[in-house]
Amino acid sequence: MNNQGTRREHPEIPSRSTREHDRLARLHQLATLGELAGGLAHELKNPLSTVKLNLQLLQEDLAGRADMERSHARIATLRREVDRLAETLDDFLRFAGRMELHLTPMHINRLVNDMVDFFQPQTHAAAVRLHASLCPEDPLCRLDGNLFKQAMLNLMINAMQAMPGGGDLIIRTHVDGNMVFVDVSDTGTGISPEAMPHLFEAYFTTKKGGTGLGLATTRRIIEEHQGHIQVTSEPGRGTNFRLEMPLETAE
Ligand SMILES: Nc1ncnc2c1ncn2[C@@H]1O[C@H](COP(=O)(O)OP(=O)(O)OP(=O)(O)O)[C@@H](O)[C@H]1O
Ligand SMILES: [Mg+2]
């Protein structure tokens with residue numbers, strides 16, 4: 001099964017130019033949305049922090065008042081909800097906000113190794129074997145290292161969550177022409193054909209407590225780098241997310 005992350009009338013693999021057109025259309029749409037989102041977020045953040053601060057002061061005013069226990073509990077609930085609102089706003093901005101790329105030439109294999117080292121303790125605790133299989137070429141790409149790591153981390157977290165009973169999480173790199181491919185594969189639950197067309201939509205989730213912004217954010221980051229993301233999956237056997245990034249020499 002193959003999917004580029006958008007709904008199509010013809011599900012066959014799209015041509016290179018259709019893919020590029022879709023990528024640019026999405027970036028344009030997000031840039032417009034980002035302008036609005038930035039303004040709205042600014043308008044919301046200030047009153048939200050005022051509410052937060054005043055709740056804290058109120059809690060301090062009532063400290064030590066044994067007869068105010070119910071009020072304490074209510075304030076605690078309000079503070080939790082205000083934190084949740086601020087988090088929702090941050091998640092949304094990470095996806096739709098202005099994304100400034102600080103591009104530098106990066107060794108993609110080194111970046112993958114860093115991610116493996118960083119993520120190893122979590123996979124170990126979840127009985128997931130994490131390993132990397134890196135190409136010999138040591139490819140260089142112009143990347144924003146932090147954003148690219150964020151994109152990979154979202155894929156690695158999803159992979160781990162898809163293997164509740166343990167399994168293999170493998171990251172492979174290989175070079176083909178002027179592109180480098182980074183495959184993040186798991187031996188987890190796989191993705192149903194019904195879910196497949198919606199994976200990259202903002203707020204699409206099948207998880208309890210999931211936000212559904214992980215893949216939408218990852219695709220945004222990759223497409224801002226002139227890259228592409230593709231997914232193949234076999235229900236019951238596992239999933240592979242492929243990042244296709246232009247090599248530095250290709251520019
Ligand atoms: N490796 C995977 N294996 C199986 N299903 C996956 C995998 N990656 C993504 N999915 C499916 O795609 C959905 C969307 O993923 P996405 O990362 O965008 O959101 P999420 O993981 O549900 O929430 P969060 O915002 O916390 O990342 C998931 O809910 C899951 O159904
Ligand atoms: Mg996720």
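Residues numbered from 1 in each chain as written. Chains lettered and ligands numbered in written order. Predicted model: local features only at pLDDT ≥ 70, side-chain atom pairs only at ≥ 80, totals over all residues. Heavy atoms only, no water.

Novice: I'm lost on the layout of surface pockets in this one. Help?
Specialist: Over the atoms rolls a probe the size of a water molecule, and in doing so it shows where empty space is left. By volume, the largest pocket is sized at about 800 Å³. Residue lining of the largest pocket: 31 residues in total, with Asn158, Gln161, Lys207, Gly214 and Leu215 positioned closest to the centre. At the level of secondary structure, the elements contributing two or more residues to the lining of the largest pocket comprise helix H2 (69-96), helix H4 (145-161), helix H5 (214-224) and strand E7 (238-246). A per-element tally of the lining of the largest pocket places H4 first, with 7 residues. Of the residues belonging to the lining of the largest pocket, the class tally is 11 nonpolar, 16 polar and 4 charged. (1 Å grid on protein atoms, 1.4 Å probe; cavity = no way out; pocket = protein on both sides within 12 Å on 5 of 7 lines; lining within 4 Å. Points joined across faces, edges and corners; volume = space filled by probe spheres on them. Helix = DSSP H or I, 4+ residues; strand = E, 2+ residues; numbered from the N terminus. Nonpolar A, V, L, I, M, F, W, Y, C, P; charged D, E, K, R; others polar.)

Novice: Which parts of the structure should I look at to understand the packing of aromatic side chains?
Specialist: Evaluation of the coordinates by the stated rule reveals 1 aromatic pair. Between the aromatic rings of Phe200 and Phe241, the centroid separation amounts to 6.3 Å while the plane-to-plane angle is 80 degrees, which identifies the pairing as edge-to-face. Of the two residues, Phe200 sits in the loop between strand E5 (179-186) and H5 while Phe241 sits in strand E7, which places them 41 residues apart along the sequence. In this structure Phe241 comes out as buried when scored by relative accessible area, which is 7%. (Phe/Tyr/Trp six-rings, centres within 6.5 Å; stacked < 30°, edge-to-face > 60°. Buried < 20%, exposed > 50% of the residue type's maximum accessible area, 1.4 Å probe, protein only.)

Novice: What exactly am I supposed to notice about the sheet that holds strand E4 (residues 167-176) here?
Specialist: Sheet strands pair by backbone hydrogen bonding; their relative direction is either parallel or antiparallel. Read across the open sheet, the 5 strands follow the order E2-E4-E5-E7-E6; overall the sheet is mixed. With one partner strand each, in any of the chains shown, strand E2 (128-133) and strand E6 (228-234) form the two edges of the open sheet. Between one strand and the next, the sheet's axes are offset by a mean angle of 15 degrees, whatever the strand orientation. Here E6 pairs with E7 via 7 bridges, running antiparallel. Bridge pairing in E7 links Val231 to Phe241. (Pairing = 2+ DSSP bridges. Axes fitted to C-alpha atoms, helices over the stretch in contact; angles between N-to-C directions.)

All we've got here are geometric facts, nothing functional implied.
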